[in-house]
Each structure stands twice: as structure tokens, then as C-alpha cells.
Amino acid sequence: MRGLGCRRVRSPAGGAGLAFPDWAYKAESSPGSRQIQLWHFILELLQKEEFRHVIAWQQGEYGEFVIKDPDEVARLWGRRKSKPQMNYDKLSRALRYYYNKRILHKTKGKRFTYKFNFSKLIFVNYPMWDMRDGRAQKS
DNA sequence: CACGGAAGTA
DNA sequence: TACTTCCGTG
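Residue indices begin from 1 for each chain and proceed along its sequence in written order. Throughout, the order in which chains and ligands are written sets their labels, letters from A for the former and numbers from 1 for the latter. The predicted origin of the model limits local features to residues at a pLDDT of at least 70 and limits the giving and counting of side-chain atom pairs to 80 or more, whereas totals for whole chains, interfaces and linings rest on all residues. Based on all heavy atoms of the structure, the side-chain values leave hydrogens and waters out of the count.

## Observations regarding the overall build of chain A
Summing up its helical and strand segments, chain A has 4 helices and 8 strands in all. In this description a helix means any DSSP run of H or I spanning at least four residues, a strand means any run of E spanning at least two, and both kinds are numbered starting from the N terminus. In sequence order, the secondary structure elements of chain A are arranged as β-β-α-β-β-α-α-β-β-α-β-β. For chain A, the proportion of its 139 residues judged to be buried stands at 37%. Accessible surface area values rest on a Shrake-Rupley calculation with a 1.4 Å probe, where residue burial reflects the displayed protein chains alone. For chain A, the exposed area adds up to about 9,000 Å²; of that, 48% sits on carbon and sulfur atoms. Burial classification: accessible surface area is computed with a 1.4 Å probe over protein chains only, and a residue below 20% of its type maximum counts as buried, one above 50% as exposed, and the rest as partly exposed.

In C-alpha cells, the structure reads:
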């Protein structure tokens, strides 16, 4: 297991310098059968330049991203989950459930634009992390 | 489009 | 639990 202090950053080549810490892209930690989470999938697409025409980080605001092609993102998500009837209406409902979970929030006024709550993602990936003093706690 | 209640799935 | 499906409301 890697140290918690590791904050390696991924910089997209030729990008606007927008990068996100490696802990944010922590695909799946469990060995095997756990189903992929929507936010893992979103981060996965965001991390690959080949999907930049479909979904991309919004320059300026850290953690903010824009779904440039909602139908395509929904199609890709549906393919991954074996849900051929998936569409943006349903996918966006799933994203809205993240509001209360504090994983995402909407960027009001900006169409198809959402923002990751990275501090919450730290908590999701490393439950032992205590946000109050920024040190790992023993249970 | 975006929101969120309500019921259904695995 | 984490969505998926459906839908009325603004």
C-alpha cells in the first residue's frame, strides 16, 4: 500500500495545466467483484485524452468538469454497466444522488457542468483519514 | 435542462 | 447500497 502523503499529480500533456491528484483516481481497491461506481467511471474518462471531446475538465475551477456529449457518456456508461437503455436523463439522476453524498455538486447556470468534492473523495478512498488534523487515525 | 420523490433491481 | 427507471414540477 502506498503512503497517504503521496500526492502524485497527473498532468494531461498539452493541457491547460489542469491536473488532479493520484488518490482521486483510485479505480477500485477491492480485489475482484465489486461493481464500478459512476464517479470512478467519470474519473476514468476524464483521465483519458481520447475522451476529451466527450467529457473534460473545466479550465479554471479545480475539480469542475463538463460533459460535452451527454448521449455518448450515457452510452459508454450503459455499455460498462450492461444497461443498454441508459441515457443522460437517468445518468444525471445518479449524479444528483451524489449531491447528498457530497461527492459532487452542480455548477449552477453552466450546462452539463458538475464539480467534484475532492475532500469527500479522500474520505471515501481512505476512511481512516481524519480531515480535522490531516493525519491518519488508528481505529 | 435540472431537480428530487417514489418504486424497483441486484 | 448504489444506482435504474419513471415522472411531475419549475
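## Examining the protein's contact with DNA strand B
In this text, near means that some heavy atom of the residue lies within 4 Å of the molecule or strand in question. Taken together, the residues surrounding DNA strand B are Tyr88, Arg93, Arg96, Tyr97, Tyr99, Lys106, Lys110, Arg111 and Phe112. Counting only the atoms of DNA strand B within 4 Å of the protein, the fraction contributed by sugar and phosphate is 48%. Counted as a polar contact is a pair of N or O atoms within 3.5 Å, where, for protein atoms, one must be capable of donating a hydrogen and the other of accepting one, and residues adjacent in sequence contribute only when both atoms are in side chains. At 3.0 Å, a side-chain N or O of Tyr88 approaches a phosphate oxygen of DNA strand B. The contact in question runs from a phosphate oxygen of DNA strand B to an N or O atom on the backbone of Phe112, over 2.7 Å.

## Some remarks on the pattern of salt bridges
Any carboxyl oxygen of Asp or Glu that lies within 4 Å of a side-chain nitrogen of Lys or Arg is treated as forming a salt bridge with it. Tallied over the full model, the rule gives 4 salt bridges. Note that Lys115 is salt-bridged to Glu61, the shortest N-O span being 2.7 Å. Remark: Glu61 occurs in the loop between strand 3 (55-57) and strand 4 (64-67) and Lys115 occurs in strand 6 (residues 113-116); sequence separation between them is 54 residues. Relative accessible area serves as the criterion here: at 17%, Lys115 is assigned to the buried category. Residue class for Glu61 comes out partly exposed when judged on its relative accessible area of 39%. For Glu64, the salt bridge is made with Lys110, and the minimal N-O distance between the two is 3.5 Å. With Glu64 in strand 4 and Lys110 in the loop between strand 5 (104-106) and strand 6, this residue pair connects regions lying 46 residues apart in the sequence. Residue class for Glu64 comes out buried when judged on its relative accessible area of 3%.

## Focus on the environment of His53
Inspection of the secondary structure assignment puts His53 in the loop between helix 1 (38-47) and strand 3. When its relative accessible area of 55% is taken as the criterion, His53 is described as exposed. For the pair His53 and Arg93, spaced 40 residues apart in sequence, the C-alpha separation works out to 22 Å. In what follows, a contact means two residues having at least one pair of non-hydrogen atoms within 4.5 Å. If we skip the residues at most four places from it in the chain, His53 touches Lys68 and Asp69. At 3.3 Å, the side chain of His53 forms a polar contact with the backbone oxygen of Glu50.

## Regarding the protein's contact with DNA strand C
Taken together, 13 residues surround DNA strand C, and among them Leu38, Trp77, Lys81, Lys90 and Tyr98 come closest. Each atom of DNA strand C within 4 Å of the protein was classed as base or backbone; sugar and phosphate made up 83%. In the environment of DNA strand C, a phosphate oxygen lies 3.0 Å from a nitrogen or oxygen atom belonging to the side chain of Trp77. Between a phosphate oxygen of DNA strand C and a side-chain N or O atom of Lys90, the distance comes to 3.4 Å.

## Some remarks on the UniProt feature "domain: ETS" (unreviewed entry) in chain A
Those residues carrying the UniProt feature "domain: ETS" (unreviewed entry) are residues 36-117 in this numbering. In the segment residues 36-117, helix accounts for 43% and strand for 17%; the C-alpha atoms at its two ends are 19 Å apart. UniProt positions are given in the numbering used here, feature names are shortened, and annotations may be inferred rather than shown by experiment.

## Side note on the nonpolar core
A general trend in soluble globular proteins is that nonpolar side chains are found buried together. The biggest cluster of nonpolar side chains holds 28 residues, and the ones touching the most others in it are Leu38, Leu46, Ile55, Phe65, Ile67, Leu95 and Phe116. Those elements that place two or more of their residues in this core are helix 1, strand 3, strand 4, helix 2 (70-80), helix 3 (88-101), strand 6 and helix 4 (118-125). For this core, the leading source of residues is helix 1, giving 7 residues. Not counting chain neighbours up to four residues away, the residues in contact with Ile67 comprise Val54, Ile55, Val73, Tyr88, Leu95, Phe112 and Tyr114. Working definition of a nonpolar core: buried Ala, Val, Leu, Ile, Met, Phe, Trp, Tyr and Cys residues. They are joined through side-chain atoms within 4.5 Å.

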